[in-house]
Amino acid sequence: MQFEIFLVSASYVSNRKFAALAETLVAANETPCDVVRLEHQGDHMFNALDRALANGATRIVLRPIGIPFSQSLRKWVPNAAADWLTRQPAHQVKLAIAADLDEDQELLKLVANRPYRAEPIAPKIDGMNGKGWDEPPAYEHHLLVCTGPRCHMRGSFGLLEPLKAAVQQAGLGSKCLIASTGCLFPCNNGPVVVHYPKGDWYQLNSEQDVAKFVDDVLIHQRTSPLRLPFAPTPAEPSPEKAMLHANE
C-alpha cells in the first residue's frame, strides 16, 4: 500500500489555519495520507512515518508543500527520513520524496492565472508598528526555545507549550519571557533551550525534563544535569586581521 505524507514548512501559520489546510489535503487526496509541520509545534514527520508503517504502508512518499520549498530542508529531510529507515525492519517499507511544486510549470501557470479576490489597502500612519512592540515586557528569565525543524523532529512531545505551562504552574509567568526561535545551531543536541541572562544551553527531551529544568534552573537557580557544555568563546581573528594587528 502506498501512503503519502505532506510536509508543510510555515512557522507563522496558526494551528487553526494549518488544521484547515490538512483537512483539505486529506479529503482531496485519493491516496491514504497525513499532513505534518516541519517546524514549531504539533505532530512531526517521524510520528507520521511510524503511523504509516503501522497501518500497513509498503511505500511512503514524502510530498513537500510550498512554492518554493526551503532548499536546506529539501536537502535535510531525505537524510532524516533515511535515518528513520535504518531503524525499521529490512525491506519492510520503501521511501521516496516527491519533486518540489515549483518544478511543475503547469502548476505555476495555473497559480499565476487563477482568478483571485483582492482587498484594498488604504494609507495608515505607523502601520508597520504594532501595539506593545516598543520594548520587551519585564522579565528575570529570557528563554529562547528552538522550534526549528531539527529540534521539532527530535522533540516529539512539543517543547514550547509544555514549557509555557510548567512556567505558569510554577508561578513564574510574570518573570519569564519565552520566545520561540528558528535554528539555534547545535541541532544534534536538540530540543534546545537557551536561558538568559546566564547564557546557558539545555537539552529538554521530555515533559519530565521540562519540569526538572523549571525546578532546578528557574526556581532554585542551581546547576542542572540537563545543561549542555556550551559557553561563549572568543572568535579567532581572521588571517587578514591578524596580519593587520601584527603590523601595528
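Residues numbered from 1 in each chain as written. Predicted model: local features only at pLDDT ≥ 70, side-chain atom pairs only at ≥ 80, totals over all residues. Heavy atoms only, no water.

Draft legend 1. Seen up close, empty space enclosed by the protein. Taken as a whole and assessed by the stated rule, the structure comprises one cavity of 30 Å³ or more. In terms of lining, the largest cavity is formed by 11 residues, of which the most central are H40, C146, C151, H152 and L159. Looking at the lining of the largest cavity residue by residue, the class counts come to five nonpolar, six polar and no charged. (1 Å grid on protein atoms, 1.4 Å probe; cavity = no way out; pocket = protein on both sides within 12 Å on 5 of 7 lines; lining within 4 Å. Points joined across faces, edges and corners; volume = space filled by probe spheres on them. Nonpolar A, V, L, I, M, F, W, Y, C, P; charged D, E, K, R; others polar.)

Draft legend 2. Representation of helix α7 (residues 207-219) in the model. The terminal C-alpha atoms of α7, which comprises 13 residues, lie 17 Å apart, in line with the 18 Å expected from a rise of 1.5 Å per residue. Of the residues making up α7, those classed as buried are D209, V210, F213, V214, D216, V217 and L218. On the buried face of α7, the contacting elements are β5 (141-146), α6 (160-169), β6 (176-181), β7 (192-196) and β8 (200-203). At the C-terminal side of α7, Q221 shows a positive phi close to 50 degrees. (Helix = DSSP H or I, 4+ residues; strand = E, 2+ residues; numbered from the N terminus. Expected span 1.5 Å × (residues − 1). Buried < 20%, exposed > 50% of the residue type's maximum accessible area, 1.4 Å probe, protein only. Contact = heavy atoms within 4.5 Å.)

Draft legend 3. A look at the packing of helix α2 (residues 45-54) against helix α3 (residues 71-85). Where α2 meets α3, the axes come as close as 11 Å, and the angle between the chain directions of the two elements is 50 degrees. Taken together, the axes of α2 and α3 are oblique relative to one another. Two packed elements cross with a definite hand, and for α2 against α3 that hand is right-handed. Between α2, through M45, F46, L49, D50 and L53, and α3, the contact on the second element is made entirely by V77, A80, A81 and W84. Here the residues of the contact of α2 with α3 sort into eight nonpolar, no polar and one charged. (Axes fitted to C-alpha atoms, helices over the stretch in contact; angles between N-to-C directions. Parallel < 35°, antiparallel > 145°, perpendicular 65-115°, else oblique. Left-handed = near helix turned anticlockwise from the far one by under 90°.)

Draft legend 4. Here's a closer look at unusual backbone geometry. In this structure, P68 follows I67 across a cis peptide bond, with omega equal to -5 degrees. Within the secondary structure layout, P68 lies in the loop between β3 (59-65) and α3. Along the chain, G190 connects to P191 via a cis peptide bond; the corresponding omega equals 0 degrees. One non-glycine residue, Q221, lies in the positive phi region at around 50 degrees. Counting through the fold element by element, Q221 comes out in the loop between α7 and β9 (227-228).

Draft legend 5. Spotlight on the environment of D200. Turning to its location among the elements, D200 is positioned in strand β8. Judged by relative accessible area, D200 falls into the buried class, the value being 9%. C-alpha separation for the pair D200 and V217, spaced 17 residues apart in sequence, amounts to 9.9 Å. Discounting residues that sit within four places of it in the chain, D200 has contacts with V193, V194, H195 and R227.

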